[in-house]
Amino acid sequence: MAETLPRTIQRLIKVLSKLPGVGNRTAMRYALHLVRAGGETLLEVASAVTDVAQSVRLCDRCFALTENPGACDICADPRRADGRICIVEGFGDVIALESAGLFNGRYFVLHKLLSPLKGIGPEELHIDRLMARVKAEQIVEVVLATPSTTDGETTATYLSRILAKAGARVTRLASGVPVGGSIEYLDHMTLTRAFQDRKDF
Ligand SMILES: [Zn+2]
């Protein structure tokens with residue numbers, strides 16, 4: 001059905017359909033909406049996307065998203081508690097924990113989880129950078145907040161082993177995170193309980 005559309009709109013549909021939860025039909029609806037909205041809206045979307053592509057990078061220390069040249073706002077904030085690192089899968093998890101106000105330390109964003117099935121090994125997770133921080137920042141606690149999926153548990157087990165060797169206390173979010181659940185989508189109460197009841201791992 002999309003073949004009758006101009007080629008440029010077909011391309012837009014293809015790009016939009018890569019977004020999570022957006023299939024071909026929804027992508028077409030969005031694309032046609034944008035086209036109907038007209039030139040100014042289209043250019044505004046384009047310029048917002050270009051701005052992000054040009055300005056957003058990963059923090060040198062925690063790999064969170066930032067527009068700063070070196071460390072992100074959280075890493076650079078002297079009011080954050082030294083000595084505590086919370087390891088999360090993605091930036092959405094940082095946002096969830098920050099908006100719940102549960103953690104005053106700093107983060108480490110993996111962006112990927114260990115997965116023998118997908119062929120993702122430790123070398124893809126910047127583990128060397130994490131271990132350098134554990135040594136340099138006199139870490140008293142590392143909170144493992146990876147999701148309770150198979151890959152999330154594999155990653156937590158692997159990290160706990162090497163962190164324990166480095167002498168760091170390792171804790172894991174309490175049960176309450178539903179099996180298969182990512183912390184990004186937990187409701188406030190469940191996340192608070194899981195975080196506050198974290199246990200040595
Ligand atoms: Zn940072």
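Residues numbered from 1 in each chain as written. Predicted model: local features only at pLDDT ≥ 70, side-chain atom pairs only at ≥ 80, totals over all residues.

Draft legend 1. Region of interest: the domain arrangement of the protein chain. We note that the domain assignment places domain 1 (2–55) and domain 2 (58–200) within the protein chain. Computed over C-alpha atoms, the centres of domain 1 and domain 2 are 34 Å apart. (Domains from an automatic or database assignment.)

Draft legend 2. Focus on unusual backbone geometry. One non-glycine residue, H111, lies in the positive phi region at around 70°. Non-glycine residue H126 carries a positive phi angle of around 55°. Of note, H126 is situated in the loop between β4 (106–109) and α6 (127–136). (Helix = DSSP H or I, 4+ residues; strand = E, 2+ residues; numbered from the N terminus.)

Draft legend 3. Highlighting the nonpolar core. Judged by nonpolar contacts, the single largest core of 37 residues is most densely connected at C86, I87, Y107, V109 and V142. Residue assignment for this core shows that the elements contributing at least two residues are β3 (84–88), α5 (91–100), β4, β5 (141–144), α7 (150–165) and α8 (188–196). It is β3 that provides the largest number of residues to this core, a total of four residues. Leaving out residues up to four positions away in the same chain, I87 has contacts with F108, L110, V142, V143, L144, A145, T146 and L159. (Core = buried A, V, L, I, M, F, W, Y, C linked by C-beta atoms within 7 Å. Buried ≥ 20, exposed ≤ 12 C-beta atoms within 10 Å, placed from the backbone. Contact = placed C-beta atoms within 7 Å.)

Draft legend 4. Region of the structure containing the packing of helix α1 (residues 7–16) against helix α2 (residues 24–37). For the pair α1 and α2, interaxial distance at closest approach is 8 Å and the crossing angle is 130°. By the angle between their directions, the pair α1 and α2 is classed as oblique. For the pair α1 and α2, the crossing hand works out as right-handed. Counting all contacts with α1, which are made through I9, L12, I13 and L16, the residues of α2 involved are A27, M28, Y30, A31 and V35. Counted by class, the contact of α1 with α2 contains nine nonpolar, no polar and no charged residues. (Axes fitted to C-alpha atoms, helices over the stretch in contact; angles between N-to-C directions. Parallel < 35°, antiparallel > 145°, perpendicular 65-115°, else oblique. Left-handed = near helix turned anticlockwise from the far one by under 90°. Nonpolar A, V, L, I, M, F, W, Y, C, P; charged D, E, K, R; others polar.)

Draft legend 5. Up close: the pairing of β5. The pairing of β3 with β5 spans four bridges and is parallel. When the bridges of β5 are listed, C86 appears paired with V143. One ladder, built from three bridges, connects β5 with strand β6 (residues 170–172); its direction is parallel. When the sheet's bridge partners are listed, L144 is paired in β6 with R172. Tracing the backbone out of β5, into α7 and back to the parallel element β6 gives a crossover that is right-handed. (Pairing = 2+ DSSP bridges. Right-handed = clockwise from strand over helix to strand, strands pointing away.)

Draft legend 6. Up close: the sheet that holds β5. Spatial strand order, β4-β3-β5-β6-β7: five strands in an open sheet with mixed pairing. The open sheet has two edge strands, β4 and β7 (199–200), and neither has a second partner.

Draft legend 7. The arrangement of α5 in detail. Within α5, burial applies to D93, V94, A96 and L97. Taken end-on, α5 shows its buried residues confined to a sector of 160°, consistent with a single buried face. Residues of α5 that are exposed and point over 90 degrees away from its buried face: E98 and S99. Where α5 is buried, its residues meet β3, β4 and α8. Two residues or fewer after α5 comes G101, characterised by a positive phi angle close to 65°. (Arc of directions from axis to C-beta.)

Draft legend 8. Local environment of the pairing of β4. The alternating pattern of β4 places R106 and F108 on one face and Y107 and V109 on the opposite face, and all of these are buried. By the bridge criterion, four bridges tie β3 to β4 in an arrangement that is parallel. Looking at β4, one finds that V88 is bridged to V109. Of the crossover connections in this fold, the one passing from β3 over α5 to the parallel β4 is right-handed.

Draft legend 9. Region of interest: the environment of G23. For G23, the position within the fold is in the loop between α1 and α2. Considering only alpha carbons, one finds G23 and I13, 10 residues apart in sequence, at a separation of 9.5 Å.

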